[in-house]
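What follows is each chain in one-letter form.
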Amino acid sequence: GQNIDQPTEMTATEGAIVQINCTYQTSGFNGLFWYQQHAGEAPTFLSYNVLDGLEEKGRFSSFLSRSKGYSYLLLKELQMKDSASYLCAVTNGDYKLSFGAGTTVTVRA
Amino acid sequence: IAGITQAPTSQILAAGRRMTLRCTQDMRHNAMYWYRQDLGLGLRLIHYSNTAGTTGKGEVPDGYSVSRANTDDFPLTLASAVPSQTSVYFCASSDRGDSTDTQYFGPGTRLTVL
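Anyway, here's the lowdown on the structure attached to this text. Along each chain, residues carry numbers from 1 onward, in the same order as the chain's sequence is written. To read the labels, note that chains go from A and ligands from 1, taken in the order they are written. Local features in a predicted model are, by the rule used here, given only for residues with pLDDT of at least 70; side-chain atom pairs are given and counted only at 80 or more, and totals for whole chains, interfaces and linings are based on all residues. Hydrogens and water molecules were not included; the side-chain quantities draw on all heavy atoms of the structure.

**Notes on the packing of aromatic side chains**
Working definition: rings of Phe, Tyr and Trp (its six-membered ring) pair if their centres are within 6.5 Å, and the pair is stacked with planes under 30 degrees apart, edge-to-face with planes over 60 apart, and tilted otherwise. Scanning the entire structure with this criterion turns up 17 aromatic pairs over all chains. For the ring pair tyrosine 24 of chain A and phenylalanine 29 of chain A, a centre distance of 5.0 Å and an interplane angle of 15° mean the geometry is stacked. Burial here depends on accessible area, computed with a 1.4 Å probe over protein chains only, as a share of the maximum for the residue type. Under 20% is buried, over 50% is exposed, and the range in between is partly exposed. Looking at tyrosine 24 of chain A, the relative accessible area reads 8%, which means it is buried. Joined through ring pairs, the aromatic side chains of Phe33, Tyr35, Phe45, Tyr48 and Phe99 of chain A together with Tyr33, Tyr35, Phe90 and Phe105 of chain B make up one cluster.

As structure tokens, then:
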């Protein structure tokens, strides 16, 4: 089975940086996804990591350490529109994604 | 480009009634999925289909059934709804159906069972 942990809520100021951590325990591992979900909307894909290291996409970066069962999503230069839930999801190679409960990020002016 | 559509957008249903949630994708993706999302629990997989004609059980399949008669449609049926099935239901699809593939989500159906 899968066990995925991420903080419930985080608050940050516009223009700042926020790091959302995700730890996981899995019987097999085939990659980790981050999705963004605005309130009342569908989740949308942000990033996918399968190898150790940092992947950068504009203001968003995602890091993975397979040996530690750890990932983080880094949001830089925060904007009000970044207020959303961020979902960490792990895949173990059997066509199934297991999601964490999500981290709600609130960006304040 | 529609992507994935779901119907209805929301529904209030009496316990014991039968309900089918519809999901259609126009991306010709092989794999489709149904999730439910509950506060504090995140998204949980109900059923999935790797390709037309095949289906499989996810983490929480009890009380739900699916069919995949063609590539585009993947309806979810609640045979006899119960209040614990009150949730937001998301349909998703992915191109290849392997575990490394990005899933694309529909807008969701908010279901309330009274």
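**Topic: the sheet that holds strand β1 (residues 4-7) of chain B**
Residue and element names in this part refer to chain B. When DSSP finds at least two bridges between two strands, those strands are taken to pair. A run of DSSP states H or I qualifies as a helix once it reaches four residues; a run of E qualifies as a strand once it reaches two. Both are numbered from the N-terminal end. The sheet built from four strands is open, its strands ordered β1-β3-β8-β7 with antiparallel pairing. In this open sheet, the two strands that pair with only one neighbour each are β1 and β7 (64-66). Looking at each pair of strands side by side, their axes are set apart by 20° on average, direction ignored. Sheet topology note: the strand β3 (residues 19-25)/strand β8 (residues 76-78) ladder contains three bridges and is antiparallel. Between N-to-C directions, angles cover 0 to 180 degrees, with each direction set by a line fitted to C-alpha atoms, over the stretch in contact for helices.

**Focus on the pattern of salt bridges**
We count a salt bridge whenever a side-chain nitrogen from Lys or Arg sits within 4 Å of a carboxyl oxygen from Asp or Glu. Evaluation of the coordinates by the stated rule reveals seven salt bridges over all chains. With its nearest N and O atoms 2.7 Å apart, the salt bridge here joins aspartate 82 of chain A to arginine 59 of chain A. Of this pair, aspartate 82 of chain A sits in the loop between β8 (70-75) and β9 (84-91) while arginine 59 of chain A is found in the loop between β6 (53-57) and β7 (60-65), placing the two residues 23 residues apart along the sequence. Per residue, the accessibility class of aspartate 82 of chain A equals that of arginine 59 of chain A, and both read buried. Across the pair aspartate 38 of chain B and arginine 44 of chain B runs a salt bridge, and its minimum N-O distance is 2.9 Å. Connected through shared salt-bridge partners, Arg36, Asp38 and Arg44 of chain B make up one network.

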